[in-house]
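Given next are the chains, with one letter for each unit.
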Amino acid sequence: MATITKKELVNRIAERTGQTKVVAKEILQMFLDEIIRELSQGNRLEFRDFGVFEVKSRRARRAQNPRTLEKVAVPPKKVVKFKVGRVMRECVTLGKPFQPRPPEEE
């Protein structure tokens, strides 16, 4: 299993689109920034066939330190959840080959 970095994604996008790496990096970063902005405002992001990002609230609870067995109060917090979409699930879990969608014409 390999780790793919943002730099590698930028290189792939620039190569496939014919744009410079600088432009591809700016667009990718703007996309990631918008995801963070929307989630921080409590909004849900839905990308058809890819998945859904949403913010969920966790209640306060009591936990236990496994080393000392001491009881600890865990405060409430918000967490980001991701639910996998149909195409991603089929490709990742069922091994179905990924077929990129053709670019849409305007």
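Residues numbered from 1 in each chain as written. Predicted model: local features only at pLDDT ≥ 70, side-chain atom pairs only at ≥ 80, totals over all residues. Heavy atoms only, no water.

Asks: Run through helix H2 (residues 21–40), naming residues and quoting values.
Replies: Between the first and last C-alpha of H2 there are 28 Å, a value that for 20 residues agrees with the 28 Å anticipated at 1.5 Å per step. All buried positions along H2 are accounted for by Ala-24, Leu-28, Ile-35 and Leu-39. Considered in projection along H2, the buried side chains sweep an arc of 40° and stay on one side of the axis. For H2, the exposed residues set more than 90 degrees away from the buried face come down to Val-22 and Ser-40. Taken together, the buried residues of H2 touch helix H1 (6–17), strand S1 (45–47), strand S2 (51–58) and strand S5 (77–84). Following H2 by one or two positions, Gly-42 has its phi on the positive side, about 85°. (Helix = DSSP H or I, 4+ residues; strand = E, 2+ residues; numbered from the N terminus. Expected span 1.5 Å × (residues − 1). Buried < 20%, exposed > 50% of the residue type's maximum accessible area, 1.4 Å probe, protein only. Arc of directions from axis to C-beta. Contact = heavy atoms within 4.5 Å.)

Asks: Residue-level account of the layout of surface pockets, with values.
Replies: Within this model, the largest pocket holds a volume of roughly 1,200 Å³. For the largest pocket, the lining is made up of 28 residues, of which Arg-16, Phe-50, Phe-98, Pro-100 and Arg-101 are closest to its centre. The set of elements that each furnish at least two residues to the lining of the largest pocket consists of H1, H2 and helix H3 (86–93). When residues of the lining of the largest pocket are assigned to their parent elements, the largest contribution, 6 residues, is made by H2. For the lining of the largest pocket, a count of residues per class yields 19 nonpolar, 2 polar and 7 charged. Approximately 160 Å³ is the volume attributed to the second largest pocket. If you trace the second largest pocket, you find 14 residues lining it, with Gly-51, Val-52, Lys-83, Val-84 and Gly-85 closest to the centre. Looking at the lining of the second largest pocket, the elements with two or more residues in it are S1, S2, S5 and H3. (1 Å grid on protein atoms, 1.4 Å probe; cavity = no way out; pocket = protein on both sides within 12 Å on 5 of 7 lines; lining within 4 Å. Points joined across faces, edges and corners; volume = space filled by probe spheres on them. Nonpolar A, V, L, I, M, F, W, Y, C, P; charged D, E, K, R; others polar.)

Asks: Residue-level account of the environment of Val-23, with values.
Replies: Turning to its location among the elements, Val-23 is positioned in helix H2. As a C-alpha pair, Val-23 and Lys-7 span 16 residues in sequence and 12 Å in three-dimensional space.

Asks: Go over a positive patch on the surface with me, naming the residues and quoting the values.
Replies: Where like charges cluster on the molecular surface, the positive patch consists of Lys-56, Arg-58, Arg-61, Lys-77 and Lys-81. At the level of elements, S2 and S5 are the ones that each hand at least two residues to the positive patch. Here Arg-61 lies in strand S3 (residues 61–64). (Patch = residues over 30% accessible without salt bridge, like charges linked within 9 Å, V, L, I, M, F, W, Y side chains within 5 Å. Areas by Shrake-Rupley, 256 points an atom, 1.4 Å probe, with all protein chains shown as cover. Salt bridge = Lys/Arg side-chain N within 4 Å of Asp/Glu carboxyl O. Lys, Arg positive; Asp, Glu negative; His and termini not counted. Charge placed at Lys NZ, Arg CZ, Asp CG, Glu CD.)

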